[in-house]
Amino acid sequence: MMRFVILFLPWLELFTLIELGIQTSALIAIAYVFTTLLFGLAVVQRQGRGIFERFTQARDGKFFGPELLRDDMAIGFAGLLLMIPGMITDVVALVVMAGPLRRRLLRALSSSKSEAHVPERAARSHETVEGVFRRVDDHSDT
């Protein structure tokens, strides 16, 4: 079934754009395509910066939950969908961008519950272990 959707999606997108051009004008259809392209680029840029900021915060030992990363990735995916010319992918992108709908969709798609990640270095105390060691490969019997 998914093969047919992937196969026919470009044709359906083309059909929707032609219908938009027929109902309004060709210039409006072209302007629509360029507007959604620019909006999609802006969304992808913004989310890219946000993901790197979250990774920096996680590296610094701050709270980092996988749901935040999933939300960022979903918004980035919506931006990519907006860059594809056509109205069907734009509607899907708007559904993905809507917070409550996105979370419901992610909950339905993921079967396991994920827990937030707290870095171990912030959770454990600093202990020093003392002892004596000797390298076996450095020791010679001559």
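Bear in mind the structure is a predicted one, so any value in this text is a computation, not a measurement.

Definitions and limits used
- Residues numbered from 1 in each chain as written.
- Predicted model: local features only at pLDDT ≥ 70, side-chain atom pairs only at ≥ 80, totals over all residues.
- Heavy atoms only, no water.
- Helix = DSSP H or I, 4+ residues; strand = E, 2+ residues; numbered from the N terminus.
- Buried < 20%, exposed > 50% of the residue type's maximum accessible area, 1.4 Å probe, protein only.
- Contact = heavy atoms within 4.5 Å.
- Axes fitted to C-alpha atoms, helices over the stretch in contact; angles between N-to-C directions.
- Parallel < 35°, antiparallel > 145°, perpendicular 65-115°, else oblique.
- Nonpolar A, V, L, I, M, F, W, Y, C, P; charged D, E, K, R; others polar.
- Expected span 1.5 Å × (residues − 1).
- Core = buried A, V, L, I, M, F, W, Y, C linked by side-chain atoms within 4.5 Å.
- Bend = angle between axes of the 7 residues up to and from the residue.
- Polar contact = N/O pair within 3.5 Å; in protein donor to acceptor, adjacent residues only side chain to side chain.
- Patch = residues over 30% accessible without salt bridge, like charges linked within 9 Å, V, L, I, M, F, W, Y side chains within 5 Å.
- Areas by Shrake-Rupley, 256 points an atom, 1.4 Å probe, with all protein chains shown as cover.
- Salt bridge = Lys/Arg side-chain N within 4 Å of Asp/Glu carboxyl O.

1. With respect to the side chain of Thr16
So, step 1. Considering the arrangement of structural elements, one finds Thr16 in helix α1 (residues 2-23).
So, step 2. Classification of Thr16 by relative accessible area gives buried; the value is 18%.
So, step 3. Residues within four places of Thr16 in sequence aside, it is in contact with Gly86, Met87 and Ile88.

2. Considering the packing of α1 against helix α2 (residues 26-59)
So, step 1. In the contact formed by α1 and α2, the axes pass within 6 Å of each other and the chain directions differ by 135°. In terms of orientation, α1 and α2 fall into the oblique class. Taken together, the residues of α2 that come into contact with α1 (itself represented by Leu17, Leu20 and Gly21) are Ala26, Ala29, Tyr32 and Val33.
So, step 2. Its residues placed into classes, the contact of α1 with α2 shows six nonpolar, one polar and no charged.

3. Examining α2
So, step 1. With 34 residues, α2 extends 50 Å between its outermost C-alpha atoms, agreeing within 8% with the 50 Å of an ideal straight helix rising 1.5 Å per residue.
So, step 2. Once α2 finishes, Gly61 follows within two positions and takes phi at roughly 95°, a positive value.

4. A look at the nonpolar core
So, step 1. Counting residues in each nonpolar core, the largest one holds six residues, listed as Ala74, Ala78, Leu81, Leu82, Ala93 and Val96.
So, step 2. Dropping the residues within four chain positions of it, Val96 is found in contact with Ala74, Ile75, Ala78 and Arg102.

5. What about α1?
So, step 1. In a regular helix each residue adds 1.5 Å, so 22 residues correspond to 32 Å; α1 covers 30 Å between its end C-alpha atoms and thus fits that length.
So, step 2. At Phe8, α1 shows its largest kink, close to 40°, and the proline Pro10 lies no more than four residues downstream.
So, step 3. For α1, every residue scored as buried is listed here: Glu13, Thr16, Leu17, Leu20 and Gly21.

6. Points about the side chain of Thr36
So, step 1. If you trace the backbone, Thr36 turns up in helix α2.
So, step 2. Exposure remark for Thr36: the relative accessible area of 10% places this residue in the buried category.
So, step 3. One polar contact links the side chain of Thr36 to the main-chain carbonyl oxygen of Val33, over a distance of 3.0 Å.
So, step 4. Sequence-distant contacts of Thr36, defined by excluding residues within four places in its chain, comprise Leu82, Met83 and Asp90.

7. A closer look at the environment of Gly48
So, step 1. Along the polypeptide, Gly48 turns up in helix α2.
So, step 2. Take Gly48: its relative accessible area is 25%, and that puts it in the partly exposed class.
So, step 3. For Gly48 and Met73, which are 25 residues apart along the polypeptide, the C-alpha to C-alpha distance reads 8.9 Å.

8. What to know about a nonpolar patch on the surface
So, step 1. Together, Phe4, Leu7, Phe8, Trp11, Leu12, Leu14, Ile18, Ile22, Ile88 and Val92 give the surface a local cluster of nonpolar side chains, amounting to about 1,000 Å² of exposed area.
So, step 2. Mapped by element, the contributors of at least two residues to the nonpolar patch are α1 and α4 (88-97).
So, step 3. Looking at the nonpolar patch, the element that brings in the most residues is α1, giving eight residues.
So, step 4. If you trace the backbone, Ile22 turns up in helix α1.
So, step 5. Under the relative-accessibility criterion, Ile22 is labelled exposed at 56%.

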